[in-house]
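# Descriptive structure summary
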Amino acid sequence: MKLADYGATNMDLALRGLELKTRDPYLAGWRTRVTPTLGHLAVRTITNGVVDRAVQGWIADGHSRSTMKNTIAVLVRVMEQAVRDNVIKVNPARVTGWQKLYKQAEDELLDPRALALPDWETLVALADALVAASHGHYQGWGEVVLFAACTAARIGEVAGCRISDIDTTQWIWTVRRQTTPAPGGLTDKGTKGKRARFVPIVEEIRPLVAQRILAAGPDPDARLFTGPRGGRISTAVLRDATH
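Residues numbered from 1 in each chain as written. Predicted model: local features only at pLDDT ≥ 70, side-chain atom pairs only at ≥ 80, totals over all residues. Heavy atoms only, no water.

Bringing unusual backbone geometry into the picture now. With a phi angle near 60°, Asn 86 is a residue other than glycine that sits in the positive phi range. Summarising the element assignment, Asn 86 is placed in the loop between helix 4 (65-84) and helix 5 (98-107). You can call Asn 86 exposed: its relative accessible area is 67%. Non-glycine residue Trp 171 carries a positive phi angle of around 55°. With respect to the helices and strands, the residue Trp 171 is situated in the loop between strand 1 (166-167) and strand 2 (172-175). (Helix = DSSP H or I, 4+ residues; strand = E, 2+ residues; numbered from the N terminus. Buried < 20%, exposed > 50% of the residue type's maximum accessible area, 1.4 Å probe, protein only.)

This paragraph deals with the packing of helix 3 (residues 48-60) against helix 4. Where helix 3 meets helix 4, the axes come as close as 11 Å, and the angle between the chain directions of the two elements is 155°. Judged by the inter-axis angle, helix 3 sits roughly antiparallel to helix 4. Regarding helix 3 and helix 4, the two cross each other, and that crossing is right-handed. Counted together, Val 51, Val 55, Trp 58 and Ile 59 of helix 3 and Met 68, Thr 71, Ile 72 and Leu 75 of helix 4 form the full contact between these two elements. Grouping the amino acids of the contact of helix 3 with helix 4 by side-chain chemistry returns seven nonpolar, one polar and no charged. (Axes fitted to C-alpha atoms, helices over the stretch in contact; angles between N-to-C directions. Parallel < 35°, antiparallel > 145°, perpendicular 65-115°, else oblique. Left-handed = near helix turned anticlockwise from the far one by under 90°. Contact = heavy atoms within 4.5 Å. Nonpolar A, V, L, I, M, F, W, Y, C, P; charged D, E, K, R; others polar.)

The next point concerns helix 3. Taking 1.5 Å per residue as the helical rise, helix 3 with its 13 residues ought to reach 18 Å, and the 18 Å between its terminal C-alpha atoms agrees with that figure. Where helix 3 is concerned, the buried positions are Val 50, Val 51, Ala 54, Val 55, Trp 58 and Ile 59. The first or second residue beyond helix 3 is Gly 62, which carries a positive phi of 90°. (Expected span 1.5 Å × (residues − 1).)

With the rule as written, the count across this model stands at zero disulfides. Here Cys 150 is not disulfide-linked; the sulfur of Cys 161 is the nearest cysteine sulfur, at 14 Å. Residue classification places Cys 161 among the buried residues on the basis of a relative accessible area of 1%. (Disulfide = S-S within 2.5 Å.)

The next thing to look at is the nonpolar core. With 32 residues, the main nonpolar core has Leu 3, Trp 30, Val 55, Leu 75 and Met 79 as its most contacted residues. Top element by residues in this core is helix 4. It accounts for ten residues. Sequence-distant contacts of Leu 75, that is, excluding residues within four places in its chain, are made with Leu 3, Trp 30, Val 34, Leu 38, Val 51 and Ala 93. By size, the runner-up hydrophobic cluster in this structure holds 31 residues, among which are Ala 153, Ala 159, Ile 205 and Ile 233. (Core = buried A, V, L, I, M, F, W, Y, C linked by side-chain atoms within 4.5 Å.)

And the structure:
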């Protein structure tokens, strides 16, 4: 019997004793993850390795820890019922260490540079694509991404950068603040590390920075980067503006 059919026939037995508020997320995990991934397999052919690969796939899909816990729990219960029915001898769904796998996926420990752009040309292509996707083709969105990538700065720090923070003689940016969401809107506060740091401005983006300083005017407190209407930028603003 296929797992999907076995689960449909024996789900009430497998979930006996659970409260209704627990059954709902279990059944959702079964319906949206277990059945599409493993439902076509015969119960007897499901091994520890099959379950391991399914769990890794769900983690890679970005599901939360609670979602993963509910999904694995319902699979364990159904397979435990199969053990009681003498369909299988050992429950292969009792996986251990999946939380560690989850953290590994979060931190990209296997390949910390997996998401890194390969070269300058690719970065420029990304910036140009963001500009092209935005309303009015606002060049500032691409410049924000170029600056962030070349300084390894958080977008909040880029948004908080003032003209006076840039030393164009030594080409050093003193990171003193970040602009972050807060009740009532965006607000400026200290850096995440609670201390200023000095970031070199690489040669490739110096013309961009010089042009931004010139466009900002004489006010030393003017922001180096703003939205098309002069507003403060954020992750959400950039994401929504460039789709």
